[in-house]
Every structure is written in structure tokens, then in C-alpha cells.
Amino acid sequence: VAWGGSPSAGVAVAARADAAALGAWSLADGALLATLDPPAGTKARGMACGAAFVGGGIAAAHEDGSVVLWAPPTAAGASPTLSSAVRMHADAAMALVTLPGGAAVASAGADATLALARVGAGGRLSPGPALALPSPGVACLAAREGDDGNALLAAACWDGSVRLAACAGASGGAPTLSLTAVADLPYHERAAAAVAFAPDGLLASAGRDGAVALWRV
């Protein structure tokens, strides 16, 4: 699930019952605003596993490893249109997060890769750098602005670790992005399932071992 805007005028996006499509709902009254349904012949992308608002559009991570970008409607009452699709992963893309600045996303999933993409000219996704992880499987991603102006990414990994990476160039409009491993935080005895940053920068992680951990990073 992803959401943007304010509680009175915002929009939430999540996978619909048929899994391949996304739905956009009003946060004000719960009304379905639009269905983001892949064009005929493209449902082979499989289930939509994650969503994020980026570059004025909506990005979705799919089971075939692709990240697709939906452009916002050009007229009142119109539905979003599929703008571009990029194969980012060799296995299912399961997690997606918008980077600070709102013009780039990070994705991860069942392979051992953390990847970046930016919305470029014409509102199309442009693949960025990728970082090889020590082991496959990421369940969730979180991001915040770092103290040095770069983005800090946290990944909840299936091996129980929370891994941190720094991304330069996301929020400042730099022509290129860079991605660097920062730290490995082993704690959970089973897969780490979720990560989230608090406004003060504190990082929380939850695992399938039933534990919740708090980190100052």
C-alpha cells in the first residue's frame, strides 16, 4: 500500500483482488477513484507486490521483476495511463519505496539486488545503479533523508538482517545516482518482515520471530 497527499485530499493505492491491477482510493471517503489495469497481453507481469508515488505518477513492483510507472490522468475523470516499464530484478520485485525528493524509487525483492530508478524526461523510468546484497530476499524497504543530504535506505531481509545503504543524487536533482552499502544490522532470528523510519530518524524493524527492534542510525 502507498498513499500521498493529506488525509482529507489524499489517495491510497493497493493491489486489487485480481492482483495484477492496482486500485486508487480516496482517503477522504474510501471511494474507488481509478483502476490501474495493465493493458491486454501484459498480465504476465504477475501480481503487483508494491506501490509508490514518484515523479507525479504511481510506480508498481511486479512479480516478474519489473517496475512500471503509471502517468497521472491528463483530464478530470480520466484514468492513469501506463507510461513505462523496466525489468529491474531477475526474480519477483516485492518492495518499493520513494526516495527523498520524490523523483526516484528503490526496489528489491526475491533476488539479491537493491536497485534504483529515476523518473526522467517524458515521465519515463530510467534504471539507475544496483547493489548486490549478501543473500536473496527483501520483504520491505524504507527511506529517509540522511544527515549528509543523501538518502538512507533500510531493507528488511529474509535472512533476518536489516541492511542500510546510502543513495546520493536522489533529492538534489544530480544527473546520476549512486548507491553504497553502509551497514548490516543482524538481529532477527527469522526473516525481517518490515522496516520504518520515525520522524526523528529512529529505525524500527519487525521480524517473523515476533520481535521488534529499534535502531538509532
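For clarity, every value in this text was computed on a predicted model and none was experimentally measured.

Caption draft 1: Structural view of the overall build of the protein. Along the backbone of the protein there are 0 helices and 19 strands. The 217 residues of the protein split such that 47% are buried. Taking the contacts inside the protein whose residues are at least 6 apart along the sequence as the reference set, 40% of them involve residues at least 24 apart. Approximately 9,800 Å² of the protein is accessible, and the part contributed by carbon and sulfur atoms is 57%.

Caption draft 2: A look at the packing of aromatic side chains. Per the stated rule, a full pass over the model turns up 1 aromatic pair. With 6.2 Å between their ring centres and 90° between their planes, Tyr 187 and Trp 215 make a pair best called edge-to-face. Of this pair, Tyr 187 sits in the loop between strand S16 (178-186) and strand S17 (192-197) while Trp 215 sits in strand S19 (residues 212-216), placing them 28 residues apart in sequence. Among the residues examined, Tyr 187 registers a relative accessible area of 47% and is labelled partly exposed. Taking the relative accessible area as the measure of exposure, Trp 215 reaches 17% and is therefore buried.

Caption draft 3: Spatial organisation of the environment of Ala 117. Mapped onto the fold, Ala 117 is located in strand S11 (residues 113-119). Residues Ala 117 and Ala 170 lie 53 residues apart in sequence; the distance between their C-alpha atoms is 9.7 Å. Setting aside chain neighbours within four positions, we find Ala 117 in contact with Met 88, Ala 104, Val 105, Leu 125, Ser 126, Pro 127 and Gly 128.

Caption draft 4: Broad picture of the side chain of Ser 161. Following the sequence through the fold, Ser 161 ends up in strand S15 (residues 161-168). A relative accessible area of 6% places Ser 161 in the buried class. Filtering out sequence-adjacent residues up to four positions away, Ser 161 remains in contact with Ala 155, Ala 156, Asp 184, Leu 185, Pro 186 and Ala 192.

Caption draft 5: Structural detail: the pattern of salt bridges. Scanning the model with the defined rule gives 2 salt bridges in all. Here Arg 163 makes a salt bridge to Asp 159, at a shortest N to O gap of 2.8 Å. Of the residues examined, Arg 163 reaches a relative accessible area of 9% and is grouped as buried. Assessed through its relative accessible area of 38%, Asp 159 is described here as partly exposed. Here Asp 184 makes a salt bridge to Arg 163, at a shortest N to O gap of 3.3 Å. Of this pair, Asp 184 sits in strand S16 while Arg 163 sits in strand S15, placing them 21 residues apart in sequence. When its relative accessible area of 38% is taken as the criterion, Asp 184 is described as partly exposed.

Caption draft 6: Structural detail: the sheet that holds strand S6 (residues 57-62). Strands sit in the order S5-S6-S7-S8 across an open sheet of 4 strands; the sheet is antiparallel. Two strands bound the open sheet, and with one partner strand each, they are strand S5 (48-54) and strand S8 (81-87). Each neighbouring strand pair of the sheet contributes to a mean axis angle of 20°, computed without reference to strand direction. Here 6 bridges tie S5 to S6, and the two strands are oriented antiparallel to one another. Residue pairing in the sheet places Phe 53 in a bridge with Ile 58 of S6.

Caption draft 7: Here's a closer look at the nonpolar core. Counting 21 residues, the largest nonpolar core has Leu 114, Leu 141 and Leu 153 as its most contacted members. Looking at this core, the elements with two or more residues in it are strand S9 (93-98), strand S10 (104-109), S11, strand S13 (138-145), strand S14 (151-157) and S15. Per-element accounting of this core gives the leading share, 4 residues, to S14. Within the second largest apolar cluster, 15 residues are counted, among which are Ala 61, Leu 69, Ala 117 and Val 119.

What counts, and where the lines are drawn
- Residues numbered from 1 in each chain as written.
- Predicted model: local features only at pLDDT ≥ 70, side-chain atom pairs only at ≥ 80, totals over all residues.
- Heavy atoms only, no water.
- Helix = DSSP H or I, 4+ residues; strand = E, 2+ residues; numbered from the N terminus.
- Buried < 20%, exposed > 50% of the residue type's maximum accessible area, 1.4 Å probe, protein only.
- Contact = heavy atoms within 4.5 Å.
- Areas by Shrake-Rupley, 256 points an atom, 1.4 Å probe, with all protein chains shown as cover.
- Phe/Tyr/Trp six-rings, centres within 6.5 Å; stacked < 30°, edge-to-face > 60°.
- Salt bridge = Lys/Arg side-chain N within 4 Å of Asp/Glu carboxyl O.
- Pairing = 2+ DSSP bridges.
- Axes fitted to C-alpha atoms, helices over the stretch in contact; angles between N-to-C directions.
- Core = buried A, V, L, I, M, F, W, Y, C linked by side-chain atoms within 4.5 Å.

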